[in-house]
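For reference, the chains in residue letters:
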Amino acid sequence: MAKPKKSLSPAPDPLAAARLPWHPPAPPLATALLISLAALLVRALVSVGPYSGQGAAPKFGDYEAQRHWMELTLHLPSSEWYRNTSANDLAYWGLDYPPLSAYQSWIHARLINASLPDAIALQSSRGFESHESKLLMRWTVLSSDLMVFFPAALWFVWTYMKDGVGGGGKRRDGWMWLLALVLINPCLVLIDHGHFQYNCISLGLTLGAIAGVLSRNELVAAALFTLAINHKQMSMYFAPAFFGHLLGKCMKRKYPIVEIMKLGSVVLGTFALVWWPYLHSYEASIQVISRLAPFERGIYEDYVANFWCSTSVLIKWKRLFAIKPLKLMSLSATILAFLPSFLQQVKSPSNLGFLYSLLNSSFSFYLFSYQVHEKSILLPLLPASLLALHEPHLYGWFTYYALFSMYPLICRDQLLLQYMAVLGLFFLIYYAPGASYGKEVKISSATKAVLSLPLLCSILLHIVYLKIEPPKRYPFLFDALIMFICFSQFVILTLYTNYKQWRLDFQPRSVGRKKDL
């Protein structure tokens, strides 16, 4: 009797169930396109909701500020964009971002003017709000995101995996998970497409510069990061990391002075190109610079989860100190905070160390620099998302508290539904089947207990903030509690990431790390 033939079909794959959505049997390009389309859809859905200052006369909010800048840049010569004139009242949303941001407003103004000129008519369009103008304004953010941030994210993920920064094996398979986390960042989506801003441009340029560094295109990286600074001055939060890493790499090459001069020439040339209309006189340049440093607003303006605001309950900084000593104290604290990370990269530059340095540097500025807004948490969130494969616990924890730190702002903007939706979507992606890269790290019971307390408090405060009126004597009590909880977590995270960066010096160098130079 003949023996039955063995089946030639492959054995069942026990991991098949874990392949969706992060291991589909589809070409990488098609998968990246699907993730990008999903991220774009999330942005479009959030854009349907309210925006900053909707219907809140007389100054409205950030939506009106952006619309007003389009109005100014379209109708006034560049020499008057930053100057107080009869047609440009700086007290009413005066332009306070660098020239590249003004050029962006001018381009968008030209596009909107072709379809709806009433929306940006000089002076008569203040507070202009219509369904059509909202669609056009929202479209400008979506298109900016699609043209700047999305390509930069794809470039970063590609070079991150190609050059071995992401590690091998299991981590290398996680590029789709990483791309989804970078593109569907709940804080960025809510602020740009809900609240209404264009952080996607400056962060996209920064992300492109990071990808340029990882792919050893340092001159391209220098140009892109210079453009990021010239779009939003807060991009300087990353400057110590870029400077320390590139300086460290230059010092280890054959002709360090030549390498430094090449980078310096690109930076100076890019600055000159952007600032050209204001370089004809010292007065014109100073006029722009004075608008970029709002020291008169105080060391903090709203409730923000940084050192100065969180400790103001005990130390009345604004009352005890004038602006000049506060500026010096803030500068000193910021430098001391980022100095260890900076020195580590000068001493031992590496791609992974560079990503940690970006996070530590931006955290230092957020916690200690002058006039920080709650929306500035987007800056340290960017490098944290890029480290998601190495530090998944850190990124999940950080994203939750970063979003929670903006909770009062979200409630004022009436974006609570969008807040809950994007937070839920984030955790669906974060805990998706098969997305366990690095999550196998064990956490002690004592650590879990310590971390659970602020988490429970934050969940309770979500409800209390909406349902209970604070005492009349302390109208901002709940805002202060939210800020203090988030600040405590940010301090823990920044201490941890500085420790992790310095630990890189005591780890054996892999082949991939030798290629960094």
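Throughout this description, residue numbers start from 1 for each chain and increase along the sequence as written. The predicted origin of the model limits local features to residues at a pLDDT of at least 70 and limits the giving and counting of side-chain atom pairs to 80 or more, whereas totals for whole chains, interfaces and linings rest on all residues. Side-chain metrics rest on all non-hydrogen atoms present in the structure, leaving aside hydrogens and water.

Next up on the list: the environment of Leu183. Within the secondary structure layout, Leu183 lies in helix H5 (residues 175–183). A relative accessible area of 0% places Leu183 in the buried class. Taking the C-alpha atoms as reference points, Leu183 and Arg43, 140 residues apart in sequence, are found 10.0 Å from one another. In this view, Leu183 contacts Ile35, Ser36, Ala39, Arg43, Phe149, Phe150, Ala153 and Val189; residues no more than four positions away in its chain are not counted. A run of DSSP states H or I qualifies as a helix once it reaches four residues; a run of E qualifies as a strand once it reaches two. Both are numbered from the N-terminal end. Three labels apply to residues, based on accessible area from a 1.4 Å probe with only protein chains included: buried if under 20% of the type maximum, exposed if over 50%, partly exposed otherwise in between. The contact criterion used throughout is that any non-hydrogen atoms of two residues lie within 4.5 Å.

Turning our eyes to something else, we now look at the nonpolar core. Nonpolar side chains tend to gather and get buried jointly when the protein is soluble and globular. Take the buried Ala, Val, Leu, Ile, Met, Phe, Trp, Tyr and Cys residues and link them wherever side-chain atoms come within 4.5 Å; each set so joined is a nonpolar core. In terms of nonpolar packing, the biggest core is built from 133 residues, with Phe156, Ile210, Phe398 and Phe490 touching the most fellow members. When residues of this core are assigned to their parent elements, the largest contribution, 11 residues, is made by helix H4 (residues 131–162). The next biggest cluster of nonpolar side chains, apart from the first, holds 15 residues, and it includes Ala65, Leu72, Val274 and Val288.

This brings us to a nonpolar patch on the surface. Patch rule: a residue counts if its relative accessible area is over 30% and it has no salt bridge; like charges are joined within 9 Å, and nonpolar side chains (Val, Leu, Ile, Met, Phe, Trp, Tyr) within 5 Å. Only the protein chains shown count as cover for residues, with accessible areas throughout obtained via the Shrake-Rupley method and a probe of 1.4 Å. Note on definitions: salt bridges are taken to be side-chain nitrogens of Lys or Arg within 4 Å of carboxyl oxygens of Asp or Glu. A surface patch of nonpolar side chains, amounting to about 510 Å² of accessible area, comprises Val313, Leu314, Ile315, Leu320 and Phe321. Among the structural elements, Leu314 can be located in the loop between helix H12 (307–310) and helix H13 (317–320). Using a relative accessible area of 79% as the deciding quantity, one classes Leu314 as exposed.

What follows concerns the packing of helix H1 (residues 28–47) against H5. Inter-axis angles, ranging from 0 to 180 degrees, are taken between N-to-C directions of lines fitted to C-alpha atoms, where helices are fitted over the stretch in contact. Taken N-terminus to C-terminus, the directions of H1 and H5 make an angle of 20°; their axes are 10 Å apart at the nearest point. Considering their axes alone, H1 and H5 lie roughly parallel with respect to each other. The crossing of H1 and H5 is right-handed. Between H1 and H5, the contacting residues are Pro28, Thr31, Ala32, Ile35, Ser36, Ala39 and Arg43 on the first element and Trp175, Met176, Leu179, Ala180 and Leu183 on the second. An angle counts as roughly parallel when it lies under 35 degrees, as roughly antiparallel when it exceeds 145, as roughly perpendicular when it falls between 65 and 115, and as oblique in every other case. Two helices crossing with the near one rotated counterclockwise from the far one by less than a right angle form a left-handed crossing, whereas a clockwise rotation gives a right-handed crossing.

Compared with an ideal rise of 1.5 Å per residue, which puts 25 residues at 36 Å, helix H14 (residues 323–347) spans 35 Å between its outermost C-alpha atoms and is within 8% of the ideal. The bend reported for a residue corresponds to the angle between axes fitted to the seven residues ending at that residue and the seven starting there. If you look at H14, its biggest bend is around 40°, right at Leu339, and the proline Pro340 turns up within four residues after that. When we look at burial in H14, the residues that qualify are Leu326, Ser330, Ala333, Thr334, Phe338, Ser341, Phe342, Gln344 and Gln345. Against helix H9 (239–251), H12, H13, helix H15 (351–368) and helix H21 (477–503) lie the buried residues of H14. Helices are assigned an expected span. That span is 1.5 Å times one less than the residue count.

Below, the discussion takes up the side chain of Asp62. Position of Asp62 relative to the elements: it lies in helix H2 (residues 62–75). A polar side-chain atom of Asp62 sits 3.0 Å from a polar atom in the side chain of Lys375. Beyond its immediate stretch of four places on either side in the chain, Asp62 contacts Ser52, Trp93, His195, Phe196, Gln197 and Lys375. In protein, a polar contact requires one atom able to donate a hydrogen and another able to accept it; more generally it is a pair of N or O atoms within 3.5 Å, and residues adjacent in sequence count only if both atoms are side-chain atoms.

Confidence along the chain averages 89 in pLDDT terms, with 89% of residues attaining 70 or more. A score between 0 and 100, pLDDT records how confident the predictor is in each residue. Element-level pLDDT for the chain is lowest in helix H22 (residues 511–514), with a mean of 44, against a maximum mean of 98 in helix H8 (residues 218–231). Every residue in residues 5–22 is under pLDDT 50, and counting partners more than four places away or in other chains gives 18 contacts. Contacts of residues 510–514 to residues separated by more than four positions or lying in other chains number 5 contacts, the stretch itself having pLDDT below 50.

Tracing the sequence through the fold places Asp192 in helix H6 (residues 186–196). Charge convention: Lys and Arg are scored as positive, Asp and Glu as negative, and His as well as the terminal groups of each chain are ignored. Look at Asp192: it is buried, it has no salt bridge, and the nearest opposite charge is Lys232 at 6.0 Å. Residues contacting Asp192, with those up to four places away along its chain left out, are Arg138, Val141, Gln197, Tyr198, Asn199 and Cys200.

Now for the environment of Thr494. Along the chain, the position of Thr494 falls in helix H21. For Thr494, a relative accessible area of 10% corresponds to the buried category. Residues Thr494 and Ser361, 133 residues apart in the sequence, show an inter-C-alpha distance of 9.4 Å. Excluding its chain neighbours within four sequence positions, the residues that come into contact with Thr494 are Asn360, Phe363 and Leu367.

So, about the environment of Gly298. Tracing the chain through its elements places Gly298 in the loop between helix H11 (282–292) and H12. In this structure Gly298 comes out as buried when scored by relative accessible area, which is 11%. With sequence-adjacent residues up to four places away left out, Gly298 is seen in contact with Tyr370 and Gln371.

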